[in-house]
Amino acid sequence: MATSTKTPDLDAVVIGAGFAGLYMVHSLRDELGMSAQAYEAGDNVGGTWYWNRYPGARCDSESYMYCFSFDKALMQEWNWSGKYPEQPEILSYLNHVADRFDLRKNIQFNTRVTSAKFDEANNMWEVQTDKGDKVTARFVVTGIGCLSAGQIPNIKGRETFKGDSYHTGSWPHEGVNLAGKRVGVIGTGSSGVQSIPVIAQQAKQLFVFQRTPQYTIPARHGTVDKAFLDDVKSNYDEIWDKARHSTGGFPVDPIDRSALEVSEEERKDIYETAWKEGGFKFVFGSFKDIALDRRANDTASEFIRSKIREIVKDPETAEKLVPVDHPFTSKRALIDTNYFDTYNRDNVTLVDIRHAPIEEITPTGIKTEDAEYELDVIVFATGFDAMTGSYNRIDIRGRDGAALKDKWAGGPKAYLGVASAGFPNLFMITGPGSPSVLSNMPVSIEQHGEWISGVIEYMHEHGQTVIEADQQAETEWVAHVNEIAEQTMFMLADSWYLGANIPGKPRVFMPYPGGVGAYRQKCDEVTAGGYTGFTLGASTREPVGVS
Ligand SMILES: Cc1cc2nc3c(=O)[nH]c(=O)nc-3n(C[C@H](O)[C@H](O)[C@H](O)COP(=O)(O)OP(=O)(O)OC[C@H]3O[C@@H](n4cnc5c(N)ncnc54)[C@H](O)[C@@H]3O)c2cc1C
């Protein structure tokens, strides 16, 4: 029997210092009294909100729910000013959390984890960094982000461009002065839709290179009303409880009304009200079936198309902006501030690269099949190698030296999106196969953090040193995720949820689309069953019983 002989340097290595990494360090160190060391590639905390500093960067979740709930005093003392907080405000919040819980002393910054290898003889991980660190730890917990591996398309001639170019996900900290500049933005996903209206106000001229027109709902951004915040704070327990058991991680009551049950007039009224109110309520608060039933969905898609035609004055530009090739909610739902209005500005030109694709980037700009655009700055709002990119950039090796990257070559495989068979003692916060990017993420991050701490505590109490997802449980879970996805609109678009934005990436739906409430219930059942679908033990090869 292979038994543990060596003692690891640490109980856990945590990778990343965004919401996930911060929470994990706190919970392992302060709640469980364990030794934990985090490594973060950036020079400070914040994750997404450390890197994404582009003009207009903000959160689409309302501020009072885009935060932690693990500490009641923290919830009471922090006051949000923006309804949809801007990047600097979220970054301040995460810095405040790091200071308040003294988390920085267990985070090594400017350090990228390059490899993590499981030592089967000793049931521990050997972790190496680009700064030469080599440590062993019983557990590795990844908080490396679903949207942290930036993606720039491999366009011919990119390196020849003589002007400046930036990816929205690694924007210079000192900002970029765009005044008087001719700017080209490539991409109209979430970062494009947020940045385009703000860049249009700063630049002399803006060319938007659009491949896919988007459905986006007005955010109706504003400041947070003090009375509202006071009310929220006095009902926070109830509000969070609702969010934790909801579909999307927001405290909304489920709607029991079908878009097909009401008259056309009533339906239009409901959409109009939701449009005026703004934000994701258009999705969660209008009808129960717009993300599930194609005919119901058509009514919402058509409503948004009519709004685009109403807002955009030039009919030709409006038609280019109207999405007809995919239904609403099949891609990441977007909310915006003045996005469609921006195309009424004299200094903004929409370039349709679906019909006349980019041929190359030249020293002076961008050349499409039918024109050439002279530019001083190119902004790549081209998104991320979502969900798996940050994993594939680390050499993660499990049993028998097998690489996670190879295991996932045909699409990610993880039980509950938190652990992968063959990779014992490795936990992934918001990994593929969990609600993650389909939810208000702090809710999902905390749920994973709590669940992972619970397992680790349980193992500690039972003297166990190894836990591994069972292959069969994993296979069944992956099939279940796909089965639910098949019933939604998600399969009807080329989206990053499916890996479609990365050439060669397998088309597999990655997040769990069954909702955070159903997912939480499943995780709780797994716990109550003594970690059903996992094998726990003191040795690698001969698991012992869990009681
Ligand atoms: C522009 C944008 C807008 C968003 N808006 C919303 C929203 O409205 N609502 C919502 O719920 N979510 C939103 N998200 C998702 C957002 O990523 C999550 O809400 C949340 O911030 C994720 O936290 P995290 O800690 O899991 O990951 P991240 O914040 O991505 O942090 C991961 C950290 O890990 C580090 N890291 C990665 N690999 C390594 C390595 N090998 N070694 C060391 N460090 C490493 C990275 O540097 C990064 O700092 C948005 C994301 C983006 C990009």
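Owing to the predicted nature of the structure, the values given are computational and were not obtained by experimental measurement.

Rules used throughout
Residues numbered from 1 in each chain as written. Predicted model: local features only at pLDDT ≥ 70, side-chain atom pairs only at ≥ 80, totals over all residues. Heavy atoms only, no water. Helix = DSSP H or I, 4+ residues; strand = E, 2+ residues; numbered from the N terminus. Buried < 20%, exposed > 50% of the residue type's maximum accessible area, 1.4 Å probe, protein only. Areas by Shrake-Rupley, 256 points an atom, 1.4 Å probe, with all protein chains shown as cover. Right-handed = clockwise from strand over helix to strand, strands pointing away. Pairing = 2+ DSSP bridges. Axes fitted to C-alpha atoms, helices over the stretch in contact; angles between N-to-C directions. Salt bridge = Lys/Arg side-chain N within 4 Å of Asp/Glu carboxyl O. Near = heavy atom within 4 Å. Polar contact = N/O pair within 3.5 Å; in protein donor to acceptor, adjacent residues only side chain to side chain. Disulfide = S-S within 2.5 Å. Phe/Tyr/Trp six-rings, centres within 6.5 Å; stacked < 30°, edge-to-face > 60°. Lys NZ or Arg CZ within 6 Å of the ring centre and 35° of its normal.

Draft legend 1. Up close: the overall build of the chain. Looking only at helices and strands, the chain has 17 helices and 20 strands in total. Referenced to the eigenvectors of the C-alpha coordinate spread, the extents of the chain come out at roughly 75 × 55 × 45 Å. Here the chain, with 547 residues, has 59% of them falling under the buried criterion. Of the roughly 22,200 Å² of accessible surface on the chain, a fraction of 47% belongs to carbon and sulfur atoms.

Draft legend 2. Structural context of the pairing of strand β2 (residues 36–39). Residues A36 and A38 point to one face of β2 and Q37 and Y39 to the other, with burial holding for every one of them. The handedness of the strand β1 (residues 10–15) to β2 crossover, carried by helix α1 (residues 19–31), is right-handed. Two strands pair when backbone bridges link them, and β2 and strand β3 (residues 107–108) are joined in this way by two bridges, in the parallel orientation. Bridge pairing links A38 to I107 in β3.

Draft legend 3. Region of the structure containing the sheet that holds strand β15 (residues 372–374). Pairing is antiparallel across the open sheet formed by three strands, whose spatial order is β13-β14-β15. Two strands bound the open sheet, and with one partner strand each, they are β13 (358–362) and β15. Along the sheet, successive strands turn relative to each other by an average axial angle of 15 degrees, direction set aside. Strand direction decides the pairing type here: β13 and strand β14 (residues 365–368), joined by four bridges, are antiparallel. The residue of β14 that forms the bridge with I361 is I366.

Draft legend 4. The arrangement of the environment of D400 in detail. Considering the arrangement of structural elements, one finds D400 in the loop between β17 (395–397) and α14 (404–407). In this structure, the C-alpha to C-alpha distance between D400 and G422, residues 22 residues apart in sequence, is 8.6 Å.

Draft legend 5. Expanded view of the pattern of salt bridges. Evaluated as defined, the whole model comprises 30 salt bridges. A salt bridge links R58 to E86, with the shortest nitrogen-to-oxygen separation between them at 3.3 Å. Residue R58 is located in the loop between α2 (48–51) and α3 (72–77), and its partner E86 is located in the loop between α3 and α4 (87–100); the two are separated by 28 residues in the primary sequence. Overall, the relative accessible area of 17% leaves R58 in the buried class. Linking K367 and E359 is a salt bridge whose minimum nitrogen-to-oxygen distance equals 2.9 Å. Here E359 falls in the partly exposed class, since its relative accessible area comes to 38%. Salt bridges sharing common partners tie together K268, E272, K307 and E310.

Draft legend 6. Geometry of the site of the ligand. As a matter of local geometry, the ligand sits amid 34 residues, with E40, T48, D60, Y66 and M441 nearest to it. A distance of 2.7 Å is found between an oxygen atom of the ligand and a side-chain nitrogen or oxygen belonging to T48. Contact distances for the ligand include 2.8 Å between a nitrogen atom and a side-chain N or O atom of S61. Summarising the interface, the protein chains cover 97% of the accessible area of the ligand, which totals 970 Å² for the free molecule. Residue assignment for the shell around the ligand shows that the elements contributing at least two residues are α1, α2 and α15 (441–461).

Draft legend 7. Structural detail: the state of the cysteines. The tally for this structure, following the rule as stated, stands at zero disulfides. A disulfide-free cysteine, C67 has its sulfur positioned 9.9 Å from the sulfur of C59, the nearest such atom. Residue class for C67 comes out buried when judged on its relative accessible area of 4%. C146 provides the cysteine sulfur closest to C523, a residue in no disulfide bond, and the two sulfurs are 15 Å apart. The class of C523 is buried, set by a relative accessible area of 1%.

Draft legend 8. Layout of the packing of aromatic side chains. Taken as a whole and judged by the stated rule, the model has 44 aromatic pairs. Ring plane angle 85 degrees and centroid distance 5.2 Å describe the contact between Y64 and F228, whose orientation is recorded as edge-to-face. With Y64 in the loop between α2 and α3 and F228 in helix α6 (residues 226–234), the pair connects residues that are 164 residues apart, well separated along the chain. Residues W451 and F534 carry aromatic rings whose centres are separated by 5.6 Å and whose planes lie at 40 degrees to one another, so their mutual orientation is tilted. Taken as a pair, W451 in helix α15 and F534 in strand β20 (residues 534–537) lie far apart in primary sequence, 83 residues in all. Of the residues examined, W451 reaches a relative accessible area of 7% and is grouped as buried. Put simply, the rings of F19, Y23, W49, Y66, F68, F70, W78, W80, Y93 and F101 pair up and form one aromatic cluster. The residue whose ring lies beneath R257 is F287, and the NZ or CZ to ring-centre distance is 5.2 Å.

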